[in-house]
Amino acid sequence: MSLKVLGMILAGGQGSRLYPLTAKRAKPAVPFGARYRIIDFVLNNFINSRIYAIYVLTQFKAQSLTEHIQRNWRFGAFLDDHFVLLVPAQMYRYEELGAAWYRGTADAIYQNLHLISNNRPETVAVFGGDHIFKMNVAHMLDYHLDNRADITIAAYSVPVAEASRFGVLQVDDQWRLLDFEEKPKEPKPIPGRSDMALVSMGNYLFRTEALVELLEHDARDNNSSHDFGKDVIPRALKEGYRIQVYDFKRNPIPGQSGPNNYWRDVGTLDAYFEASMDLVAVTPEFDLYNEEWPLRAANYNSPPAKFVHEAGNRIGQAFNSLLAGGVIISGGTVRSSVLFRRVRVNSYALVERAVLFDHVEVGRYAKLKNVIVDKNVRIPPNTEIGFDLEADRARGFIVTPSGVVVVPKSYRF
C-alpha cells in the first residue's frame with residue numbers, strides 16, 4: 001500500500017547569517033518563541049494537516065536538531081506509515097565526483113530517492129525547515145490535485161525592495177506559472193502592483209513521477225547547482241511541466257479569523273529578533289494560542305513561572321512578554337521580552353526588548369535592552385548591555401545593523 005503524501009523537510013542549512021546562534025546548532029534547531037525550535041513550526045503544519053510520514057534531512061551541525069527530533073517528535077511503534085525520521089547526509093557516491101555531501105536542495109532529495117521509492121507516495125511535499133509560519137498543507141494539496149499539477153509552489157507577496165532574496169514568480173489569471181527568476185537583481189512586480197512582488201516560499205508539492213524525472217535529469221547535468229529554485233523549477237517550466245502557484249494568503253487556518261498573512265524567513269539576526277518581538281504584541285499576528293491549530297513543542301516538565309517580591313521598588317513583574325516554565329522574576333522588571341526555560345531575573349534588574357535563551361541569569365541592577373542572550377550565560381550585577389554599542393563590541397559581542405546585541409552561548413564575563 002502506498003502513502004498518499006510523503007513529507008520531506010530540508011533541515012540541513014548552516015544559517016551562517018544567524019551566527020553566533022548557529023555556532024553550535026543548525027538554523028532549524030535555533031530556539032524561538034520561549035519554548036519552540038524553528039523546525040517545530042513546519043512539523044506542526046504537517047501533523048495538523050494529517051501528513052504523518054515525515055523525513056527530516058539534516059547535514060550541518062545536526063546534533064542539537066537530532067536530539068530535539070528524537071526526544072520530542074516520536075509516534076508509537078505500531079503504525080508503519082506514521083513516523084518522523086531523521087535522515088543524516090551520508091555522502092552519496094557519484095561516478096564522477098566520488099563521495100559527496102548534499103550539493104544543493106534538489107540533490108538532498110535526489111540522494112534520498114530510495115526513501116520515496118520505499119514509501120511509494122502519490123505526492124511528495126518538499127518544505128524548508130527554517131521559516132516561522134502556519135500552513136494548512138491539506139488545502140494546498142487539494143489545490144494541487146484539483147489542478148492536476150506536476151508541481152505546486154507556495155507563494156507569498158513581499159515588497160519589491162525585498163524580493164531579490166527570493167525566487168520571483170509571474171503567473172497567469174489561473175495562477176499557472178509563466179516565469180521564474182531566482183534572486184533577480186531587478187525583481188518583476190505583480191502586474192498592477194508596482195510595489196509588490198510574488199515570491200516562492202521554498203515549499204513545493206510534486207507529483208512523485210515528475211519529481212523523480214526532474215531530479216534524475218538534474219543529477220546528470222554537470223552545469224547544474226542542483227537547487228530547486230536555481231535549476232529544477234526553471235527546467236520544469238522550460239520542459240512544459242504543469243506548474244501551479246498557490247497563494248499562501250488564501251490558506252485557511254482552523255480557529256483563526258482573518259487572512260493567513262504571517263510568514264517570516266528568520267535568516268538574519270535582525271529578522272529573528274523582529275519575529276520574536278512580533279510575538280509580544282497585545283494582539284500578535286502570529287498566534288501561539290489557537291487551540292484548533294496546536295503548536296506542539298518539547299515537554300520539559302518545567303515548574304511554573306514565578307514572580308516574587310512586592311516591596312517598594314523591588315517588585316517581580318513582567319509586561320507584554322512570553323515566559324517559559326521555570327522562569328523566576330525575583331524582584332526585577334521584564335518588558336516586551338521572550339524568556340526561555342529557567343531564566344532568572346534578579347532584584348532591581350531591567351530586561352527590555354530582549355530574548356533570553358535557557359538558563360540565563362540576570363544579576364541585580366543589570367540592564368539589558370535590544371539583546372539576544374544564548375544559553376547558559378550569567379549576566380553579572382550592574383552590567384549594562386545594549387546601551388553602549390561600542391562597549392558591547394569591545395566585549396566581542398555581535399551588534400546587528402539595527403543595533404541588536406547578541407551574547408553567544410556560555411559566554412563568561
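The following paragraphs examine the structure supplied in this document. Position numbers for residues count from 1 along each chain, tracking the sequence in the order it is written. This being a predicted model, a pLDDT of at least 70 is required before a residue's local features are given, and a value of 80 or more before pairs of side-chain atoms are given or counted; all residues contribute to the totals for chains, interfaces and linings. Values shown for side chains rest on all heavy atoms present in the structure; no hydrogens or waters enter the calculation.

1. Side note on the layout of surface pockets
- Its boundaries defined by the atoms lining it, the largest pocket holds a volume of some 1200 Å³.
- Lining the largest pocket are 42 residues, and of these Gly 13, Thr 105, Asp 130, Lys 183 and Asp 227 lie nearest its centre.
- Mapped onto the lining of the largest pocket, the elements with two or more residues apiece are helix 3 (105-110), strand 8 (123-128), strand 12 (177-182), strand 13 (196-207), helix 7 (228-238) and strand 15 (263-265).
- By the criteria applied, helices consist of DSSP H or I runs no shorter than four residues and strands consist of E runs no shorter than two, each listed in order from the N terminus. A total of five residues in the lining of the largest pocket trace back to one element, the largest contributor, which is strand 13.
- Across the lining of the largest pocket, the residue classes tally to 14 nonpolar, 18 polar and ten charged.
- We place a 1 Å grid over just the protein atoms. Points where a 1.4 Å probe fits but has no way out form a cavity, open points with protein on both sides within 12 Å along at least 5 of 7 lines form a pocket, and any residue with an atom within 4 Å of a point lines it. Grid points are joined across faces, edges and corners, and a volume is the space filled by probe spheres set on the points. When its volume is computed, the second largest pocket comes out at roughly 710 Å³. Residues are grouped as follows: nonpolar covers Ala, Val, Leu, Ile, Met, Phe, Trp, Tyr, Cys and Pro; charged covers Asp, Glu, Lys and Arg; every other residue, Gly included, is treated as polar.

2. Side note on the environment of Ala 297
- Its place among the elements puts Ala 297 in the loop between helix 8 (269-278) and strand 16 (306-308).
- Between the alpha carbons of Ala 297 and Asn 72 there is a distance of 7.2 Å; along the sequence they are 225 residues apart.
- Contact criterion: two residues are considered in contact whenever any of their non-hydrogen atoms come within 4.5 Å of each other. With sequence-adjacent residues up to four places away left out, Ala 297 is seen in contact with Arg 35, Tyr 36 and Asp 40.

3. Overview of the environment of Trp 293
- As for its position among the elements, Trp 293 is in the loop between helix 8 and strand 16.
- Linking Trp 293 and Ile 47, residues 246 residues apart in sequence, is a C-alpha distance of 10.0 Å.
- Those residues in contact with Trp 293, other than ones at most four positions away along the chain, are Asn 45, Asn 48, Ser 49, Lys 134, Met 135, Asn 136, Ile 253 and Pro 254.

4. A closer look at helix 6 (residues 208-220)
- Between the first and last C-alpha of helix 6 there are 19 Å, a value that for 13 residues agrees with the 18 Å anticipated at 1.5 Å per step.
- Note on exposure labels: buried denotes an accessible area under 20% of the residue type's maximum, exposed denotes more than 50%, and partly exposed covers the range between, all computed with a 1.4 Å probe on protein chains only. When we look at burial in helix 6, the residues that qualify are Thr 208, Ala 210, Leu 211, Leu 214, Leu 215, Asp 218 and Ala 219. Along helix 6, the residues classed as buried sweep out an arc of 155° about the axis, all on the same side. Multiplying 1.5 Å by the residue count of a helix minus one yields the expected span of that helix. The directions considered for the arc are those from the helix axis to the C-beta atoms.

5. A short note on the pattern of salt bridges
- The rule for a salt bridge is simple: a side-chain nitrogen of Lys or Arg has to be within 4 Å of a carboxyl oxygen of Asp or Glu. Summed over all chains, the structure comprises 17 salt bridges.
- Measuring nitrogen to oxygen at the nearest pair gives 3.0 Å for the salt bridge that ties Asp 374 to Arg 25. You can see Asp 374 sitting in the loop between strand 27 (367-373) and strand 28 (378-379) and its partner Arg 25 sitting in the loop between strand 1 (5-10) and strand 2 (31-32), a full 349 residues away along the chain. Taken individually, Asp 374 and Arg 25 each receive the classification buried, so the pair is uniform in this respect.

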